[in-house]
Structure formats: C-alpha cells, structure tokens
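Overview (structure and organization)
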Amino acid sequence: GIRKERTMKTLNYSRQREAIYNYLLSTKTHPTAEAVYQVVQQDYPKISLATVYRNLALLEETGQVQRIPCNDAKDHYDANIMEHPHFVCNSCNCVLDLEMDNLEFLHTLANQGFEGEIEQSQVVLFGKCPECARNKK
C-alpha cells in the first residue's frame, strides 16, 4: 500500500506543477509566488504556498521559468525564458517586458575586460512605469 500512496503523491505533485507552469505561460504580469498561489488554489484548494514556492524553484532549476528579483523584496516569475530585459517600477512594483530586438550589445558590454564566456544575461531596469510617470506617483 505504501508504494501506491507515494505514486499518487508524485502524480498530484506534478499536476500541480503543471498548473503553476501553465498559469505562468498564460500571463504577462510576472506574478509573485503569492499571486501564483492565489490562482492555482482555485483549481487545487489543498495546495500550500510552500508547494508553490517549491515548484517555482524546480521550474527555475529546469530552466522553464525565470525569476526576476524585484525591489518589493519579492521574486516575480516569467515563463518566457527567451532572453529579454525587464523593467520594474519603483512606485507600483509592476514588472514589464522590454521589447529589444538585439541584445548582443549586452554581451559586448559584459565581455569588455572579461576573459570568461557569457552565455546569458538578465537585465532588470528600475524606474517609473508609464502610468506612474504620468500620475507622478
């Protein structure tokens, strides 16, 4: 009987992880773990915040999502793993994708005087988003 229970747990675990990943794929809002939890909890009422954190860490480890460290002391998550810069608003803490076609300049910049090999970069720019800039928050 023990083996069966363990299998069920693994199955349930990956189904929850899939739900977390699918939600991240469906949104451009770069949600925090708490925001992911609130959405996934609607389909999986028994899921815990700890499980969401654990699964997000696993998805980050496997390269399926990227974690964006922000200044609201919370990490935000993005299922778009293509290299692209993010903008974080210092006022409302929103996280936006910045559209840049060519990021080669970042590698050129980073390679100046650096003898290693840069394979990827994560750029986070901080300031006021268009809405906060308009409203002078």
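Just above sits the structure.
Going along each chain's sequence as written, the residues are numbered from 1 onward. Reporting in this predicted model follows two pLDDT cut-offs: at least 70 for local features of residues, and 80 or more for side-chain atom pairs to be given and counted; totals over whole chains, interfaces and linings ignore these cut-offs and use all residues. Side-chain metrics in this entry use all non-hydrogen atoms of the structure; hydrogen atoms and water are not considered.

A word on the sheet that holds strand 4 (residues 95-97). Strands pair in a sheet through their backbones, by hydrogen bonds, and they do so in one of two ways: parallel or antiparallel. Strand order in the open sheet formed by 3 strands is 4-3-5, and the pairing between neighbours is mixed. In this open sheet, the two edge strands, each paired with only one partner strand, are strand 4 and strand 5 (124-127). Neighbour-to-neighbour, the strand axes of this sheet turn through a mean angle of 25 degrees, independent of strand direction. Here strand 3 (residues 86-89) pairs with strand 4 via 3 bridges, running antiparallel. By the bridge assignment, Phe 87 is partnered in strand 4 with Leu 96. One requirement defines pairing of two strands: DSSP has to find at least two bridges between them. Secondary structure elements are defined from DSSP: runs of H or I of at least 4 residues count as helices, runs of E of at least 2 residues count as strands, and each element is numbered from the N terminus. Only the stretch in contact is used when a helix axis is fitted, and all axes are lines through C-alpha atoms; the angle between N-to-C directions ranges over 0 to 180 degrees.

Take Asn 111: it is sitting in helix 4 (residues 104-111). Partly exposed residues are those whose accessible area sits between 20% and 50% of the maximum for their type, while under 20% is buried and over 50% is exposed, using a 1.4 Å probe and protein chains only. Exposure remark for Asn 111: the relative accessible area of 32% places this residue in the partly exposed category. Contacts were defined at the residue level, with two residues in contact if any of their heavy atoms lie within 4.5 Å. When residues no more than four places from it in sequence are discounted, the contact partners of Asn 111 are Gly 116 and Ile 118.

Regular strands place side chains that alternate from one sheet face to the opposite one. Here strand 1 (residues 66-69) shows a buried face lined by Gln 66 and Ile 68 and an unburied face lined by Arg 67 and Pro 69. Here strand 1 pairs with strand 2 (residues 75-78) via 4 bridges, running antiparallel. What sits directly across from Gln 66, in strand 2, is Asp 78.

Tracing the backbone through its elements, the reader meets Ala 57 in helix 3 (residues 49-61). Among the residues examined, Ala 57 registers a relative accessible area of 34% and is labelled partly exposed.

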